[in-house]
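Remarks on the overall topology
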2 protein chains.
Amino acid sequence: MNVVSLAGGIGAARFLRGLVRAVDPASLTVVANTGDDLAIHGLHVSPDLDTITYTLGGGVHPEQGWGRAEETFTVAAELKGRYGQPDWFTLGDRDIATHLVRARVIGEGGTLTDATRTIASAWDLPFALLPMTDATVATRVRTSDGRELHFQEWWVGERAASPIDRVWLEGGEDARATDAVVAAIEGADLVVLCPSNPVVSIGTILDIAPVRELLRDKPVVGVSPIVGGRVVRGMADKLLPAVGAEVSAAGVAGLYADFLDGWVIDTADAASADAIRATGVDVAVTDTMMVDVDVSTRLAETAVGMLGTLQAA
Amino acid sequence: MNVVSLAGGIGAARFLRGLVRAVDPASLTVVANTGDDLAIHGLHVSPDLDTITYTLGGGVHPEQGWGRAEETFTVAAELKGRYGQPDWFTLGDRDIATHLVRARVIGEGGTLTDATRTIASAWDLPFALLPMTDATVATRVRTSDGRELHFQEWWVGERAASPIDRVWLEGGEDARATDAVVAAIEGADLVVLCPSNPVVSIGTILDIAPVRELLRDKPVVGVSPIVGGRVVRGMADKLLPAVGAEVSAAGVAGLYADFLDGWVIDTADAASADAIRATGVDVAVTDTMMVDVDVSTRLAETAVGMLGTLQAA
């Protein structure tokens, strides 16, 4: 069974630790958001690709959920202390090695897809990891006081302190999903949406043509990133209103209404199951708090298991 | 008095520590060789510019004479261990910060001259430091067994183990000295050649048009890199034969015959002074072993002091 999973960063990576146990990873393709990518110190930084790689490769900082374990910050200290470079987005030394490998591959004429393959191979990832596009795109936000910022400047630089009233993918209209992404989705027996931010992670991937269109012809099961009407991590609660959606399991499912077939929600949101089913989406209710890899695995099994129900229906 | 100094790496940097005491550094321009520059891990590494910057800025590794003091190698260990990248040219973490600043400036459309200005400013260098050219050039060597290598591959990668029969500057014919270099030399009252490798440091700068031609109209004093018929450091003894020159103070002076006015040689080579004078070059004999900054300062004073003799002649 060929499975494609659409993924953001931390939440996706934790879910994928289960998904690689729930399905044959050799038949799994993970398509990651690159809207958060940024150029800093001349390097191409891909936060979601790296969080997935480090987590599934066994090198992630365990508490943080992103960045490298046993990280040091000598380069960053020098960039700041000696060269007065901005340090709102701090890169660790081990992490910089990854960005240098990516910069080299791209500098030699390769694509982000090529660089991602090189890096994933070094980490022995058992599945195919693909950036959603090789085009340069950037998620941007407008704060309610009228400033326009790169998503990372708002999210990391300002810790999302300002409310925002608009979020969009710069370059998204001209960008296309790579041939590899299109082929993977076309060949998929099931598409799984990780419990990632529905606006700036999954939503961004959906913005890249022809992803959303392709999903309408495929069985698609998603895992809700909402638990008890609140976001588990990140700041989707600040982003959902900017796209006119309610911060709830039903609200997020509504964003996927045109293609979603199955939706896995937390037991804390069980009360909304019937309302979601009424929209024509099958619902499974389970524990979605991925405190360890066993929970992640059961959650992934639940999501993948919905395919049987969908096919029987 | 405006002084321009042509410089390579370690020997030049040690000499410049004296030259900034012998002349007003505000009127000093140092033109550095970039033939040894290399692209590695997607970064632009400029060994001579960096050795001069770190030495005069007070951050050089004191015993080594190049690279940073208190250096760490976390990025390099990761590049090698995790990503299997070649490690024949190892970059330290602090050093990488410099290369990232350079890469950023160039990536944003700046020149190597711009990047050098940014870096030199961060180190509070009291003189103007200029790369000889903004063009991409590369010193290459042919070993006597017929292999063609980048100079650094031979010098650092193979520790100059193979004899060479040819050395040349790839891209040198099309490269031009920057406007800043031309203006500095045109405005110079004195040009001082640092005791650097006459083939791959000074020789390379001379290969960049119109440097050599400009020097013919200027008072030029050089400091011999030869002591007692041997090179003080580096492997000029392997390079001089490849350009048909003798490994001696007179042999090196002969390479500069068309423009050299004064030549400072070591007391160990005093016996060759008359032979050099017979070629029309004034000679000063002194201690050239720069064991400390006082020796460097006296050596620089001797070199600069030759201008008076030349003008009186």
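If you're wondering where the values come from, they're calculated on a predicted model, not measured in any experiment.

Observations regarding the nonpolar core
By size, the foremost hydrophobic cluster in this structure holds 106 residues, and its most contacted members are F15(A), I52(A), F127(A), F15(B), I52(B), L100(B) and F127(B). Apart from the residues lying within four places of it in its own chain, the contact partners of F127(A) are V20(A), P25(A), L28(A), V30(A), I52(A) and L56(A).

A look at the relation of the copies chain B and chain A
When chain B is fitted to chain A, the best match, at an RMSD of 0.0 Å, comes from turning it 180 degrees and sliding it 0.0 Å along the axis. Considering both components of the superposition, the chain copies are consistent with a two-fold axis. Closest approach to the rotation axis within chain B is made by the C-alpha atom of D93(B), at a distance of 3.7 Å. The overlap is high: 100% of the interface residues of chain B also sit at the interface in chain A, so the same surface is used on both sides.

Side note on the sheet that holds strand β2 (residues 28-32) of chain B
Residue and element names in this part refer to chain B. The strand order across the open sheet built from seven strands is β5-β2-β1-β9-β10-β13-β14, with neighbouring strands paired in parallel fashion. Each end of this open sheet is capped by a strand with a single partner; those strands are β5 (128-131) and β14 (282-286). Each adjacent strand pair in this sheet contributes to an overall mean axis angle of 20 degrees, direction not counted. Sheet analysis places strand β9 (residues 190-193) next to strand β10 (residues 220-223), joined by three bridges and oriented parallel. Bridge pairing links V191 to V220 in β10. Lying on the sheet, helix α13 (residues 293-312) is in contact with β9, β10, β13 (262-266) and β14; it crosses β14 at an angle near 150 degrees.

Section: the confidence of the model for chain A
On average, residues of chain A score 95 in pLDDT, and 99% of them reach the 70 mark or higher. Reported confidence for the predicted complex is 0.90 by ipTM and 0.92 by pTM.

Side note on helix α5 (residues 112-122) of chain B
Residue and element names in this part refer to chain B. Taken residue by residue, α5 has L112, T113, A115, T116, I119 and A120 as its buried positions. Seen along its axis, α5 keeps its buried residues to an arc of 160 degrees; they face one direction. Against the buried residues of α5 lie β4 (43-45), α2 (47-57), α4 (93-107) and β5.

About the criteria used
- Residues numbered from 1 in each chain as written.
- Chains lettered and ligands numbered in written order.
- Predicted model: local features only at pLDDT ≥ 70, side-chain atom pairs only at ≥ 80, totals over all residues.
- Heavy atoms only, no water.
- Core = buried A, V, L, I, M, F, W, Y, C linked by side-chain atoms within 4.5 Å.
- Buried < 20%, exposed > 50% of the residue type's maximum accessible area, 1.4 Å probe, protein only.
- Contact = heavy atoms within 4.5 Å.
- Least-squares fit on C-alpha atoms with pLDDT ≥ 70 in both.
- Pairing = 2+ DSSP bridges.
- Helix = DSSP H or I, 4+ residues; strand = E, 2+ residues; numbered from the N terminus.
- Axes fitted to C-alpha atoms, helices over the stretch in contact; angles between N-to-C directions.
- pLDDT = per-residue confidence, 0-100.
- Arc of directions from axis to C-beta.

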